[in-house]
Amino acid sequence: MKYLCSGIKLGFIILFLTGLTPGKSLAALPLQVGVYHGGGSRYIQIAEKQNRICFKGFSANGVTVASVAVDTNRQELYKINGFDGTFLFQQDQETLLFGPSNQLSKYTADYGFARDLGDDLEECLSYQKPFFRQKSRSRGTR
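Residues numbered from 1 in each chain as written. Predicted model: local features only at pLDDT ≥ 70, side-chain atom pairs only at ≥ 80, totals over all residues. Heavy atoms only, no water.

### Some thoughts on the overall build of the protein
- Looking only at helices and strands, the protein has two helices and nine strands in total.
- If you list the helices and strands of the protein from N to C, you get α-β-β-β-β-β-β-β-β-α-β.
- The buried share of the protein, taken over its 142 residues, is 35%.
- Accessible area for the protein stands at about 9400 Å²; split by element, carbon and sulfur atoms hold 53% of it. (Helix = DSSP H or I, 4+ residues; strand = E, 2+ residues; numbered from the N terminus. Buried < 20%, exposed > 50% of the residue type's maximum accessible area, 1.4 Å probe, protein only. Areas by Shrake-Rupley, 256 points an atom, 1.4 Å probe, with all protein chains shown as cover.)

### Quick look at the nonpolar core
- Residues L31, I44, I46, F55, L88 and L96 are the most contacted members of the largest nonpolar core, which totals 15 residues.
- For this core, the elements supplying multiple residues, two or more each, are β2 (42–49), β3 (52–59), β4 (62–70), β5 (78–80), β7 (95–99) and β8 (105–109).
- With residues near it in sequence (within four places) discarded, I46 still touches L31, Q32, V33, G34, Y36, I53, C54, F55, L88 and L96.
- Listed in part, the eleven residues of the second largest apolar core include Y43, A47, C54 and C124. (Core = buried A, V, L, I, M, F, W, Y, C linked by side-chain atoms within 4.5 Å. Contact = heavy atoms within 4.5 Å.)

### Concerning the packing of aromatic side chains
- Under the counting rule described, the total for this entry stands at seven aromatic pairs.
- Taking the centre distance of 5.5 Å and the plane angle of 10° together, the rings of Y43 and F58 count as stacked. Of this pair, Y43 sits in strand β2 while F58 sits in strand β3, and the two are 15 residues apart along the sequence. The pair formed by Y43 and F58 is uniform in burial state, with each residue classed as buried. (Phe/Tyr/Trp six-rings, centres within 6.5 Å; stacked < 30°, edge-to-face > 60°.)

### With respect to the state of the cysteines
- Considering all chains together, one arrives at one disulfide under this definition.
- Paired by a disulfide, C54 and C124 hold their sulfur atoms 2.1 Å apart. The chirality of the disulfide connecting C54 with C124 is left-handed, given an S-S dihedral of about -90°. Of this pair, C54 sits in strand β3 while C124 sits in helix α2 (residues 118–126), placing them 70 residues apart in sequence. Neither C54 nor C124 differs from the other in exposure class; each is buried. (Disulfide = S-S within 2.5 Å.)

### Observations regarding the layout of surface pockets
- Approximately 270 Å³ is the volume attributed to the largest pocket.
- As for the largest pocket, its lining consists of 17 residues, of which G57, F58, S59, G62 and T64 are closest to the centre.
- Broken down by secondary-structure element, the contributors of at least two residues to the lining of the largest pocket are β2, β3, β4 and β9 (132–136).
- Among the elements that take part in the lining of the largest pocket, β3 stands out by supplying four residues, more than any other.
- The residue makeup of the lining of the largest pocket, split by class, is eight nonpolar, seven polar and two charged. (1 Å grid on protein atoms, 1.4 Å probe; cavity = no way out; pocket = protein on both sides within 12 Å on 5 of 7 lines; lining within 4 Å. Points joined across faces, edges and corners; volume = space filled by probe spheres on them. Nonpolar A, V, L, I, M, F, W, Y, C, P; charged D, E, K, R; others polar.)

### So, the environment of D92
- Positionally, D92 belongs in strand β6 (residues 87–92).
- At 2.9 Å, the side chain of D92 forms a polar contact with the backbone nitrogen of E94.
- Reaching out from D92, the side chain makes a polar contact with the backbone nitrogen of T95 at a distance of 2.8 Å. (Polar contact = N/O pair within 3.5 Å; in protein donor to acceptor, adjacent residues only side chain to side chain.)

### Quick word on the confidence of the model for the protein
- When pLDDT is averaged along the protein, the result is 82; 77% of the residues meet or exceed 70.
- Confidence, read as mean pLDDT per element, is least for helix α1 (residues 2–18) in the protein (40) and greatest for β8 (97).
- For the stretch residues 3–26, pLDDT sits under 50, and the model shows eight contacts to residues farther than four places along the chain or on other chains. (pLDDT = per-residue confidence, 0-100.)

Here's what the structure looks like:
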């Protein structure tokens, strides 16, 4: 009977721990390839090729493409090359969080958006060193 009670307590502990908020989870999900919408014109695309992960952030203001790596201090967070203090966190299969670790913004999977990688993202995936490229849109262009 003592072992049964211990098993039930352990089960409740595991259930409790699986419901923890981002940054306190036990195991991080790997970044899920795809396009995520953050509201308005803000999108993030995650691409992977041969264990190389790249990020593409795009909006009406421009496009940024950069390589991504696991943060050595916080294994559940991913660092984006060229972004100091800005991270990615895969909350679940449908939700990507982006921003400073204490102020992450929610991006939701967008299956209706084209999955084309584009030249910059393809270059990032094939490049062997840290990658960062940013293009701003001027007010008169679309």
